[in-house]
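Chains, contacts and geometry: an overview
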Amino acid sequence: MGPEMAELARTAGTTMVTLMAGQAWESTREGVLALWRRFQPDRADTVGGELEATREDLLLARESGDTETEAELAAEWQARLRRLLVARPEVADELRRILAELSPEPAQAPGAMDVRLRAEVSGSGRVYQAGRDQHITER
């Protein structure tokens, strides 16, 4: 699997889990199930159950402020989607279409840039990220 497909699986898994907790839950569920029904119909019922269980876990995690569980759930769906993409590379176009429907990006002003930031910190490390100006004053 190339880096583009790995990035697609990562983005899709994170987006799906994020949308599960909001008003887009039904659309997210239907989009994901449609994908499995089309490309791996024998797993569609199982995936439906896994989606329901993920949503329940996600809602509980958010209620208690457990961001670690939310990250684990996203990683699980990233892995599921990565396996699907490895088994059926033709899924990529359909997955991109579903993502575009679920999370349409707002129109950008001419000359605007798309900025994506990602950071991981452990121990007592710090991360400062900004898509534009950033001013830090520590004492």
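The coordinates are above.
Residues numbered from 1 in each chain as written. Predicted model: local features only at pLDDT ≥ 70, side-chain atom pairs only at ≥ 80, totals over all residues. Heavy atoms only, no water.

1. Description of the packing of aromatic side chains
- Taken as a whole and judged by the stated rule, the model has 1 aromatic pair.
- Relative to Trp77, the ring of Trp36 has its centre 6.2 Å away and its plane inclined at 85°; by these criteria the two rings are edge-to-face. Here Trp77 lies in helix α4 (residues 67-87) and Trp36 lies in helix α2 (residues 25-39), a separation of 41 residues in the sequence. As far as the burial class goes, Trp36 and Trp77 line up, both buried.
- Over the ring of Trp77 we find Arg80; its NZ or CZ atom is 4.3 Å from the centre of that ring. (Phe/Tyr/Trp six-rings, centres within 6.5 Å; stacked < 30°, edge-to-face > 60°. Helix = DSSP H or I, 4+ residues; strand = E, 2+ residues; numbered from the N terminus. Buried < 20%, exposed > 50% of the residue type's maximum accessible area, 1.4 Å probe, protein only. Lys NZ or Arg CZ within 6 Å of the ring centre and 35° of its normal.)

2. Quick word on helix α1 (residues 3-20)
- Taking 1.5 Å per residue as the helical rise, α1 with its 18 residues ought to reach 26 Å, and the 26 Å between its terminal C-alpha atoms agrees with that figure.
- Looking at the buried side of α1, the elements it contacts are α2, α3 (44-64), α4 and α5 (91-102). (Expected span 1.5 Å × (residues − 1). Contact = heavy atoms within 4.5 Å.)

3. Considerations on the packing of α1 against α5
- Close contact between α1 and α5 brings their axes to 11 Å; oriented N to C, the two are set at 35°. Seen from above, α1 lies across α5 with left-handed handedness. In this structure, α1 uses Glu4, Met5, Leu8, Ala12, Thr15 and Leu19 to contact α5, whose residues at the interface are Ala92, Leu95, Arg96, Leu99 and Leu102.
- Class assignment for the residues of the contact of α1 with α5 results in 8 nonpolar, 1 polar and 2 charged. (Axes fitted to C-alpha atoms, helices over the stretch in contact; angles between N-to-C directions. Left-handed = near helix turned anticlockwise from the far one by under 90°. Nonpolar A, V, L, I, M, F, W, Y, C, P; charged D, E, K, R; others polar.)

4. Here's the deal with the pattern of salt bridges
- Scanning the entire structure with this criterion turns up 14 salt bridges.
- The partner of Glu70 in a salt bridge is Arg62, and the shortest N-O contact between them spans 2.8 Å.
- Relative accessible area serves as the criterion here: at 39%, Arg62 is assigned to the partly exposed category.
- Between Arg118 and Glu120 there is a salt bridge; the shortest N-O distance is 3.0 Å.
- Under the relative-accessibility criterion, Arg118 is labelled exposed at 59%.
- Owing to a relative accessible area of 63%, Glu120 belongs among the exposed residues under this scheme.
- Connected through salt bridges with shared partners, the residues Arg29, Glu30, Arg37 and Glu52 form a single ionic network. (Salt bridge = Lys/Arg side-chain N within 4 Å of Asp/Glu carboxyl O.)

5. Side note on the environment of Arg126
- Examined against the element boundaries, Arg126 turns out to sit in the segment after α5.
- Taking C-alpha positions, Arg126 is 31 Å from Gly2, a pair spaced 124 residues apart along the chain.
- When residues no more than four places from it in sequence are discounted, the contact partners of Arg126 are Val121 and Glu138.
- In this structure the side chain of Arg126 is engaged in a polar contact, spanning 3.3 Å, whose partner is the side chain of Tyr128. (Polar contact = N/O pair within 3.5 Å; in protein donor to acceptor, adjacent residues only side chain to side chain.)

6. Focus: the nonpolar core
- Counting residues in each nonpolar core, the largest one holds 30 residues, and the members touching the most others are Leu35, Trp36, Leu51, Trp77, Leu81, Leu85 and Leu95.
- If you list the elements that add at least two residues to this core, you get α1, α2, α3, α4 and α5.
- Among the elements that make up this core, the one with the highest residue count is α1 (8 residues).
- Filtering out sequence-adjacent residues up to four positions away, Leu51 remains in contact with Met16, Met20, Trp25, Arg29, Val32, Leu33 and Trp77. (Core = buried A, V, L, I, M, F, W, Y, C linked by side-chain atoms within 4.5 Å.)

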